[in-house]
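# Coordinates in review
Single-letter residue listing:
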Amino acid sequence: MNNTKRRMDLVLLPIVLLAAFLNGYGIWNDQYANSYYTTAVGSMLSNFHNFFYASLDSAGSVTVDKPPVVFWIQTAFAYVFGLHGWSVILPQVLAGIGSVLLIYFMVKPTYGLAAARISALTLATVPVVAAVSRTNNIDSMLVFTLLLGSWFLFKGIKQGSTWRILVAFGLIGVAFNMKMLQAYMILPAFYLFYLLAFQAKWRRKIILLIGSTAVLAVVSLSWAVTVDSIPEDERPYIGSSETNSVMELAFGYNGLARLTGQQNTAGNAGMPNGMGQGNNRGNRGNLSSGPNQTDSGVPGAGQDVNALDNDNMNGSNGLNTMGGMNGPNGNFPNGQMPNDMEMPNGRDFGGGMGGMFGTGEKGPLRLFQTELSGQASWLLPVVLLGCIAIFAGLRRRNITNKHKEALFWLAWLLPVAAFFSVAGFFHQYYLIMLAPPIAALTGAGFVAMWKSYRDRDGWQAWLLPVSVLLTTLFGWYIMQVYNDTIGAGWSISELIAGILITVILVGMLHRTHQWKQGFIIAGFMAMLIGPIYWAFTPITYGGNSMIPAAGPTGSNGMFGGAGMSMPMGKGAGDTEMPAIGGRGGMGNRNEEVDTATLNYLKEHNTGETYLFATTDYNQAAPYIIDERAAVITLGGFSGSDPVYTTEELEQLVKSGQLKYFMVGGMGGRGGNSDISDWIKEHGTEIPTSEWKTGTDSQSTDNGDTGNRAGFGFGGQTTLYEVKL
């Protein structure tokens, strides 16, 4: 018992509790979380077919745009605890806590207890980690899996264990089935560390490396190859893909396109500046026996988001009542968003997908720009100077485990940082990939600088006070931009504390004082003032489950945390769309079940399998999640996936499986003109006074069609009854 007590680190407990609070407090208030993924979980609960494919809708007609592993886990939690926002978030909360523990146990053996504590505290308070781990987005689970694989790699190399090394590479394959090529960002670190640190004859080393790579490939491609080998009329359409292929999705939309910024029409649909073009990929084949049976699409070329025209966005070929980003009548004046595509606070909206999502300008200093620096970059000065301290004594014949493991973390950090410095399309929360190496190198580097300072080791002794000064200056730089929102006290406090402690540390450099160690700890805590405050902002200012980001404006939608209002009408200021943002964020409007709509559809259901079909998954979400209703989404996330042809819809109606179609809202972004025309041609519009709460016979006239329609967040909503 005494030995057990001595082995327990009581300092780790409050760090874990802090991580649990930052990741989990208030998640019970998030009704739907990221409704796109929660809707999929609701559909996956209904049958194994939907579960295996991670189907977005009840019919199993289209998948989400990511592989299924995380959604399998979320579905298991929803099966046990019921389908709620908190139940699908809980796995990510636990993954965030698990990552803190893993970084602690990975750093401790080589760098010591102090470094392990610092690394764990750093990871727990990286703002983007807290922001992402309290949502049902994939990235928290992805990072946990990558760290688990790294832990197995460390153990396997130290113990010469073949099976642990194979498991390590296999876990990267599992991570690939969470978020595809993003998982492979860690591979340079894996290969470099294996070659440097694994002690074995070269023949065995090469054979094991080939075997490990084979395991990686087999596990990575197992689900993709299985799905792509199944006939297309026996499986769902692969959401957001160009060619109805998981492999193409992995290496296209979720792969190279993230670097180049070139996105397919599905990924761009509904986005401003022409990115929301209609479906140009053609329609699918004929339905033969049911809603799950479809045929292949005609591929179309990916398009540069900076080069798209606005013709289709203005609604000439689409169903204008879909509205979406184009306003209530299908377009903004002249096809442009207000302010000439300029974001609030003077941020240009038209600089490609990177600029659009608040990710700054491409370049080597992108991670230090205001748009991104608050997510994960706070301690980069410590990392830089700490690595100098670690490698200062490096000699060719004296490469220690400290050097090798530091190279592992650098080989993780540098390629990821380089990617995000030049990438054309990503969201701020992707920067969680930087958090583990930053945390590990902060712990290892700070302790190395601490030792050099304590030992008065020449010029290296100055690294510690300089790191405190530079890091607190950088923290002030990040926070002072938001002084109008959070007040100037936080930024000034960090700056003053950093300067004072730096002066004290310099003064004590050549002296022995009992408080010396206390001031060193105080210096580190001063550097954490900004990150800790930012990590709390999803709780104090509200989070964004769709596109999470830390910071006092992190809840305000998809545009880099900058909230916006859009004039809607013939002239600017005539009508105003509510500011995009809030807990659900852009495209995740937290719509709730309209009781009048539900009652109408149920009362008029004459045995149809599906309650209704919709062009907007947001409209389907509350009915699938709350009511467990069977609902079809006609176009996936964007509304532009060619999931159904008119022949397939005709057969669904004739077979008595479906008769109601709800079009409009925001998800019909671009849409499919053939489907739209077919619904209008064969359908009878139901007056909104009969099916929608708060409407009457004087409902809004939609202008283009002369039909009465309900007005939703993203545009008019119209209900059609189709009988053939």
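Everything quoted here is computed from the prediction, not taken from an experiment.

### A look at the environment of methionine 479
- With respect to the helices and strands, methionine 479 occurs in helix 21 (residues 463-480).
- For methionine 479, a relative accessible area of 0% puts it in the buried group.
- Between the C-alpha atom of methionine 479 and that of tryptophan 490, which follows or precedes it by 11 residues, the distance is 7.4 Å.
- Every residue in contact with methionine 479, bar those within four places of it in the chain, is listed here: Trp378, Ile486, Trp490, Ser491, Glu494, Gly530 and Trp534.

### Regarding unusual backbone geometry
- One non-glycine residue, arginine 456, adopts positive backbone phi at about 50 degrees.
- Looking at the secondary structure, you find arginine 456 in the loop between helix 20 (435-454) and helix 21.
- Its identity is not glycine, yet arginine 628 carries a phi of approximately 55 degrees, on the positive side.
- Relative to the assigned elements, arginine 628 resides in the loop between helix 27 (617-626) and strand 6 (631-633).
- Here arginine 628 falls in the partly exposed class, since its relative accessible area comes to 47%.

### With respect to the packing of helix 2 (residues 12-24) against helix 25 (residues 529-540)
- Their axes nearest at 8 Å, the elements helix 2 and helix 25 cross at an angle of 40 degrees. Taken together, helix 2 and helix 25 sit at an angle that is classed as oblique. Residues Leu18, Phe21 and Leu22 of helix 2 touch helix 25, and the partners they reach there are Ala535, Phe536 and Ile539.
- When grouped by side-chain class, the residues that make up the contact of helix 2 with helix 25 number 6 nonpolar, no polar and no charged.

### Concerning the layout of surface pockets
- The space that makes up the largest pocket amounts to roughly 370 Å³.
- Ala389, Ile390, Lys402, Ala448 and Lys451 are, among the 17 residues lining the largest pocket, the residues nearest its centre.
- When residues of the lining of the largest pocket are traced back to their parent elements, those giving at least two are helix 18 (380-391), helix 19 (401-422) and helix 20.
- Considering each element in turn, the lining of the largest pocket owes the most residues, 5 residues, to helix 20.
- Looking at the lining of the largest pocket residue by residue, the class counts come to 7 nonpolar, 6 polar and 4 charged.

### Quick word on the pattern of salt bridges
- This structure, assessed with the given rule, holds 10 salt bridges.
- The partner of lysine 158 in a salt bridge is glutamate 405, with the nearest N and O atoms 3.4 Å apart. Of this pair, lysine 158 sits in helix 9 (residues 139-159) while glutamate 405 sits in helix 19, placing them 247 residues apart in sequence.
- A relative accessible area of 45% places lysine 158 in the partly exposed class.
- For glutamate 405, a relative accessible area of 1% corresponds to the buried category.
- The partner of lysine 451 in a salt bridge is aspartate 455, with the nearest N and O atoms 3.2 Å apart.
- According to the relative accessible area criterion, lysine 451 is partly exposed, its value standing at 45%.
- If you follow the salt bridges from partner to partner, you end up with Lys451, Arg454 and Asp455 in one network.

### Comments concerning the packing of aromatic side chains
- Using the criterion set out here, one finds 45 aromatic pairs in the structure.
- Measuring from ring centre to ring centre gives 5.8 Å for tryptophan 409 and tryptophan 412, while their planes differ by 25 degrees; the resulting arrangement is stacked. Of this pair, tryptophan 409 and tryptophan 412 both sit in helix 19, 3 residues apart, which is roughly one turn of that helix. Considered together, tryptophan 409 and tryptophan 412 belong to a single accessibility category, that of buried residues.
- Aromatic pair tyrosine 429 and tyrosine 430: ring centres 5.0 Å apart, planes at 80 degrees, arrangement edge-to-face.

### Focus on the environment of serine 140
- Mapping serine 140 onto the fold places it in helix 9.
- Along the backbone, serine 140 and serine 99 are 41 residues apart, and their C-alpha atoms lie at a distance of 8.5 Å.
- Excluding anything up to four places from it in sequence, serine 140 contacts Gln92, Ala95, Gly96, Val132, Ser133 and Ile432.
- Of the polar contacts made by the side chain of serine 140, one reaches the side chain of serine 133; its length is 3.1 Å.

### Section: the pairing of strand 7 (residues 660-664)
- In terms of burial, strand 7 is a largely internal element, 5 of the 5 residues being buried.
- Because side chains alternate across strand 7, one face comprises the buried residues Tyr660, Met662 and Gly664, and the other comprises Phe661 and Val663, equally buried.
- With 2 bridges joining them, strand 5 (residues 612-614) and strand 7 adopt parallel strand pairing. The residue of strand 7 that forms the bridge with threonine 614 is methionine 662.

### Some remarks on the nonpolar core
- One finds Trp409, Trp412, Phe420, Phe446 and Phe661 to be the most contacted residues of the largest nonpolar core, which totals 166 residues.
- Beyond its immediate stretch of four places on either side in the chain, phenylalanine 661 contacts Ala613, Leu634, Leu649, Val653, Trp678, Ile679, Thr718, Leu719, Tyr720 and Val722.
- Core analysis: the second largest hydrophobic core is formed by 16 residues, Val593, Val631, Met662 and Leu719 among them.

### Let's talk about a nonpolar patch on the surface
- Taken together, Trp462, Val466, Leu470, Leu473 and Val506 make up a surface patch of nonpolar side chains, about 380 Å² in accessible area.
- Its place among the elements puts leucine 473 in helix 21.
- Residue leucine 473 is classed as partly exposed on the basis of its relative accessible area of 34%.

### Let's talk about the side chain of lysine 516
- Of note, lysine 516 is situated in helix 24 (residues 516-527).
- Although lysine 516 lies buried, it forms no salt bridge, and the closest oppositely charged side chain, aspartate 455, sits 8.8 Å away as judged by the N-O distance.
- At a separation of 3.1 Å, a polar atom in the side chain of lysine 516 contacts the main-chain carbonyl oxygen of methionine 508.
- A polar contact is formed between the side chain of lysine 516 and the backbone oxygen of arginine 511, at a distance of 2.9 Å.

### As for a negative patch on the surface
- Together, Glu647, Asp674, Asp677 and Glu681 line one region of the surface with negative charge.
- When residues in the negative patch are grouped by element, the largest group, 3 residues, is from helix 29 (residues 673-682).
- With respect to the helices and strands, glutamate 647 occurs in helix 28 (residues 646-654).

### Side note on helix 10 (residues 162-179)
- An ideal rise of 1.5 Å per residue puts 26 Å on 18 residues; helix 10 measures up with 27 Å between its terminal C-alpha atoms.
- For helix 10, the set of buried residues is Ile165, Ala168, Phe169, Gly170, Leu171, Ile172, Gly173, Ala175, Phe176, Asn177, Met178 and Lys179.
- Where helix 10 is buried, its residues touch helix 5 (69-81), helix 9, helix 11 (187-197), helix 12 (202-229) and helix 13 (246-260).
- One or two steps after helix 10, the chain reaches methionine 180, where phi turns positive at roughly 60 degrees.

### A look at the confidence of the model for the protein
- Residues of the protein with pLDDT of at least 70 account for 77%, and the chain-wide mean is 82.
- The low-confidence segment residues 265-354, where pLDDT is below 50, has 264 contacts with residues more than four positions distant or belonging to other chains.
- When the criterion is pLDDT under 50, residues 697-714 qualifies, and its contacts beyond four places in sequence or with other chains add up to 51 contacts.

### What to know about helix 13
- An ideal rise of 1.5 Å per residue puts 21 Å on 15 residues; helix 13 measures up with 20 Å between its terminal C-alpha atoms.
- Along helix 13, the sharpest kink reaches roughly 25 degrees, centred on glycine 252.
- Those residues of helix 13 that sit buried are Val246, Leu249, Ala250, Gly252, Tyr253, Asn254, Gly255, Ala257 and Arg258.
- Just downstream of helix 13, glycine 261 is the residue with a positive phi angle, here 85 degrees.

Cut-offs applied
Residues numbered from 1 in each chain as written. Predicted model: local features only at pLDDT ≥ 70, side-chain atom pairs only at ≥ 80, totals over all residues. Heavy atoms only, no water. Helix = DSSP H or I, 4+ residues; strand = E, 2+ residues; numbered from the N terminus. Buried < 20%, exposed > 50% of the residue type's maximum accessible area, 1.4 Å probe, protein only. Contact = heavy atoms within 4.5 Å. Axes fitted to C-alpha atoms, helices over the stretch in contact; angles between N-to-C directions. Parallel < 35°, antiparallel > 145°, perpendicular 65-115°, else oblique. Nonpolar A, V, L, I, M, F, W, Y, C, P; charged D, E, K, R; others polar. 1 Å grid on protein atoms, 1.4 Å probe; cavity = no way out; pocket = protein on both sides within 12 Å on 5 of 7 lines; lining within 4 Å. Points joined across faces, edges and corners; volume = space filled by probe spheres on them. Salt bridge = Lys/Arg side-chain N within 4 Å of Asp/Glu carboxyl O. Phe/Tyr/Trp six-rings, centres within 6.5 Å; stacked < 30°, edge-to-face > 60°. Polar contact = N/O pair within 3.5 Å; in protein donor to acceptor, adjacent residues only side chain to side chain. Pairing = 2+ DSSP bridges. Core = buried A, V, L, I, M, F, W, Y, C linked by side-chain atoms within 4.5 Å. Patch = residues over 30% accessible without salt bridge, like charges linked within 9 Å, V, L, I, M, F, W, Y side chains within 5 Å. Areas by Shrake-Rupley, 256 points an atom, 1.4 Å probe, with all protein chains shown as cover. Lys, Arg positive; Asp, Glu negative; His and termini not counted. Charge placed at Lys NZ, Arg CZ, Asp CG, Glu CD. Expected span 1.5 Å × (residues − 1). pLDDT = per-residue confidence, 0-100. Bend = angle between axes of the 7 residues up to and from the residue.

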